[in-house]
Amino acid sequence: MKYFRIMLMLILLVTTFTACKKYPIDEDDLLITTRKECYVSNFELLGSDYVTVRTKTAEIDTVAQTIAVEVKYGTDLKNLYPQFSLAQDCKLDPKITGWTDFSNLANPKKYTVISGDRTIRKEYTINITVKPL
Amino acid sequence: MKKIILLSILGYCFAMVGCQKEEYGLPVLKDALQNDALKRKFGPNIAGQYIDFAYAIAIPATKGKIVSAQVEASIPGGSQTYFDPKSYYTNTGGVDVGVEVAGASVNNGNITSINLTKDTNAVTFRYYYQVPEAAKGQEVSFTFSAKSSNGETVSYKLGPYAISRMDMVRTLPVSDNNLMFISIADMKVYNAVQAAANPEKIDLVYSYKNISGASFNHALVAPSASEYLTGITLPQGVNNDSKLIRVFGLQDRDLSQLQYALYVDDVDLVQKDFSTAPNFALDMKVDYGLWIETADKKYRAYVYINSVNNSGKSAVVSMKRIAMN
């Protein structure tokens, strides 16, 4: 019986320490990894009906850090929902929290991609053009 | 160790007790007149529309037969409120089959009654309560009751049910260059001459344009959205700046003629945020919808596109509307 108790204690001890091994996390409770990749791989823009407003695939320039999107004539630019696909473990700043106003075309919105190891930051500019009639 | 053995025995005892099989017994027939009722209508209860119920009554054959049934509503129903004189059962194919067992129902104030014309021991009636205008925004309750030939009576209460503040119109045809002026206030569609008579009531303009490379097609825009009304001469005074939100996938069951299972309810219209809404909606297609707030903020509505006809440059729309004041 005594031997059984000791074994049980040992197993608990090992399990506890294994489970509690600490990985670094950031202020958003996201894991900080060793990855240094930092780019946008895909970009989508949805209208109030949750259907894309793009006329063609967004052009992402990872060197110039720009995203060029042409949207349909008649798009409500004040209520768009942007969606980013990022390199693994990256995060976006500011976060997408809902409908976003892209109507100020002269002053395009900027989003920063932050790498998995949180050491690299790249600011992307979203350049929107409305397809003319 | 002793504790473990004790716990095991205890657990075993509980398991045995829990698994004890109860013998099935046939339900005992109640030796009296009985009744049951349920509401069959889902979704908001809108004025002019029906709330339908199933009312089941039964009595053992040895005791007598069913003589009459009635429903007392807390608010008198509309003139089209009625009891279907048929008793319904569902056949093996899943189809409801009606057998006529009573005469026409009679409305007297808030009571709708029906007398059976055939000797019957069990019926399931359908009761249709036409929601009256007077009930808007209130609650209505129902008391179903029945009488048998041996003098017994039974009753069953249902409700209260909230009555919507919304109004509804269905299948309004709109067409380019003709019936293109939509009034949310009147819930009607006007041509230019009619619109000129009530310019302040025009909240939407329908138009169709097939422009190569642009998704314009069937458009619903506020009279103030001049950029999207090129080539259209608005009647004098038609200039309301309505707010619109284009929607896809909100196929309201009432507006889509019972095709889908979603409902736009009062709360959806009341809580909608129009603060950043534009004044135009282009490329409207079948099953698309439009939230709208009138320029004076007096009304909000959901306009649903039932059908579109590109060659005919026309569409059919339906709407639910609520008064905000």
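These numbers were taken from a predicted model, which means no experiment stands behind them.

**Side note on the packing of aromatic side chains**
All names here are of chain B. Applying the stated criterion across every chain yields a total of 23 aromatic pairs over all chains. The ring of Tyr161 carries the charged tip of Lys39 above its face, separated from the ring centre by 5.0 Å. Here the basic side chain of Arg126 rests over the ring of Tyr88, its NZ or CZ set 4.4 Å away from the ring centre.

**Quick word on the sheet that holds strand 2 (residues 50–58) of chain B**
Residues and elements named next belong to chain B. With antiparallel pairing, four strands are arranged side by side in an open sheet as 1-2-9-4. In the strand order of this sheet, the two ends are held by strand 1 (34–39) and strand 4 (82–84), each with one partner. Taken pair by pair, the neighbouring strands of this sheet meet at an average axis angle of 25°, ignoring direction. The sheet contact formed by strand 4 and strand 9 (residues 122–130) spans three bridges and is antiparallel. Looking at the pairing, Asp84 lines up with Arg126 of strand 9.

**Remarks on the nonpolar core**
Among the nonpolar cores identified, the biggest contains 40 residues, and Ile184, Leu204 and Val221 of chain B are the most heavily contacted of them. Once residues within four sequence positions are removed from consideration, Leu204 of chain B is found in contact with Met180, Phe181, Ile182, Ile184, Leu220, Val221, Pro223, Leu244, Leu290, Ile292 and Val303 of chain B.

**Some points on the interface of chain A and chain B**
In this assembly, twelve residues from chain A lie in contact with 17 residues from chain B. A combined buried area of about 1,200 Å² lies between chain A and chain B, and 56% of that area is made up of carbon and sulfur atoms. Its largest share of buried area at the contact with chain B, chain A owes to Asp49, Tyr73 and Leu133 of chain A, together 43% of the area lost on that side. Counting across the interface, chain A meets chain B through one salt bridge. Put simply, Asp49 of chain A and Arg246 of chain B hold a salt bridge, and the shortest N to O gap is 2.2 Å. Along the contact surface separating chain A from chain B lie three residue pairs in polar contact (both at pLDDT 80 or more). Grouping the amino acids of the side of chain A that touches chain B by side-chain chemistry returns three nonpolar, four polar and five charged.

**Topic: the domain arrangement of chain B**
Residue and element names in this part refer to chain B. Taken domain by domain, chain B holds domain 1 (34–162) and domain 2 (167–323). Of note, the centres of domain 1 and domain 2, computed from C-alpha atoms alone, are 39 Å apart. The interface is formed by eight residues belonging to domain 1 together with eight residues belonging to domain 2. With both chains or domains summed, domain 1 and domain 2 bury close to 580 Å², and 55% of this area falls on carbon and sulfur atoms. When residues of domain 1 are sorted by the area they lose upon contact with domain 2, Pro44, Ile46 and Gln49 head the list and together hold 65% of the total. Counting the contacts that link domain 1 with domain 2 gives one salt bridge. A salt bridge links Asp167 to Lys136, with the nearest nitrogen and oxygen atoms 2.5 Å apart.

**Observations regarding the pairing of strand 5 (residues 86–90) of chain B**
It is a general feature of regular strands that their side chains alternate between the two faces of the sheet. Residues and elements named next belong to chain B. Pairing of strand 5 with strand 6 (residues 96–100) involves five bridges; the strand directions are antiparallel. Each residue of the ladder has a partner; that of Tyr88, found in strand 6, is Gly98. The antiparallel pairing of strand 5 with strand 6 creates a hairpin that spans five residues between the two strands, and Gly94 there sits at a positive phi of about 85°.

**Considerations on the side chain of Asp283 of chain B**
All names here are of chain B. Considering the arrangement of structural elements, one finds Asp283 in the loop between strand 18 (280–281) and strand 19 (288–293). A polar atom in the side chain of Asp283 sits 3.0 Å from the side chain of Asn217. Not counting the four nearest positions on each side in its chain, Asp283 is found in contact with Ser215, Phe216, Asn217, His218 and Arg246.

**A closer look at the environment of Leu290 of chain B**
All names here are of chain B. Turning to its location among the elements, Leu290 is positioned in strand 19. Residues Leu290 and Ala301, eleven residues apart in the sequence, show an inter-C-alpha distance of 8.0 Å. Beyond its immediate stretch of four places on either side in the chain, Leu290 contacts Leu204, Leu220, Leu244, Ile245, Arg246, Ala281, Met284, Ala301, Tyr302 and Val303.

**Concerning the pairing of strand 16 (residues 217–221) of chain B**
All names here are of chain B. Within strand 16, five of the five residues are buried, leaving the element largely enclosed by the surrounding structure. One ladder, built from five bridges, connects strand 15 (residues 204–209) with strand 16; its direction is antiparallel. Within strand 16, the residue paired with Lys209 across the bridge is Asn217. Relative to strand 18, strand 16 runs antiparallel, the two being bridged by two bridges. When the sheet's bridge partners are listed, Leu220 is paired in strand 18 with Ala281.

**What about a nonpolar patch on the surface?**
A contiguous nonpolar patch, built from Tyr23, Ile25 and Leu31 of chain A and spanning about 340 Å² of accessible area, is present on the exposed surface. Relative to the assigned elements, Leu31 of chain A resides in the loop between helix 1 (2–19) and strand 1 (40–46).

**With respect to the sheet that holds strand 19 of chain B**
Residues and elements named next belong to chain B. Within the open sheet, the five strands sit side by side as 12-21-20-19-17. Their pairing is antiparallel. In this open sheet, the two strands that pair with only one neighbour each are strand 12 (167–175) and strand 17 (243–248). If you compare each strand with its neighbour and ignore which way they point, the axes differ by 25° on average. As paired strands, strand 12 and strand 21 (residues 314–323) are joined by seven bridges and run antiparallel to one another. Following the sheet pairing, Asp167 is matched in strand 21 by Arg321.

**Describing the pattern of salt bridges**
It is possible for side chains bearing opposite charge to pair when their charged atoms get close. A full pass over the atoms with the stated rule returns 24 salt bridges over all chains. When the shortest N-O distance is used, the salt bridge between Lys320 of chain B and Asp254 of chain B registers 2.9 Å. Here the residue Lys320 of chain B occupies a position in strand 21, and Asp254 of chain B occupies one in the loop between strand 17 and helix 3 (266–271), the gap between them amounting to 66 residues. You'll find Lys320 of chain B and Asp254 of chain B in the same group, each marked buried. What emerges from the salt-bridge pattern is a single network uniting Asp26, Glu27, Asp28, Lys91, Lys95 and Arg118 of chain A.

Scoring rules and cut-offs
- Residues numbered from 1 in each chain as written.
- Chains lettered and ligands numbered in written order.
- Predicted model: local features only at pLDDT ≥ 70, side-chain atom pairs only at ≥ 80, totals over all residues.
- Heavy atoms only, no water.
- Phe/Tyr/Trp six-rings, centres within 6.5 Å; stacked < 30°, edge-to-face > 60°.
- Lys NZ or Arg CZ within 6 Å of the ring centre and 35° of its normal.
- Pairing = 2+ DSSP bridges.
- Helix = DSSP H or I, 4+ residues; strand = E, 2+ residues; numbered from the N terminus.
- Axes fitted to C-alpha atoms, helices over the stretch in contact; angles between N-to-C directions.
- Core = buried A, V, L, I, M, F, W, Y, C linked by side-chain atoms within 4.5 Å.
- Buried < 20%, exposed > 50% of the residue type's maximum accessible area, 1.4 Å probe, protein only.
- Contact = heavy atoms within 4.5 Å.
- Buried area = accessible area lost by both parts, 1.4 Å probe.
- Salt bridge = Lys/Arg side-chain N within 4 Å of Asp/Glu carboxyl O.
- Polar contact = N/O pair within 3.5 Å; in protein donor to acceptor, adjacent residues only side chain to side chain.
- Nonpolar A, V, L, I, M, F, W, Y, C, P; charged D, E, K, R; others polar.
- Domains from an automatic or database assignment.
- Patch = residues over 30% accessible without salt bridge, like charges linked within 9 Å, V, L, I, M, F, W, Y side chains within 5 Å.
- Areas by Shrake-Rupley, 256 points an atom, 1.4 Å probe, with all protein chains shown as cover.

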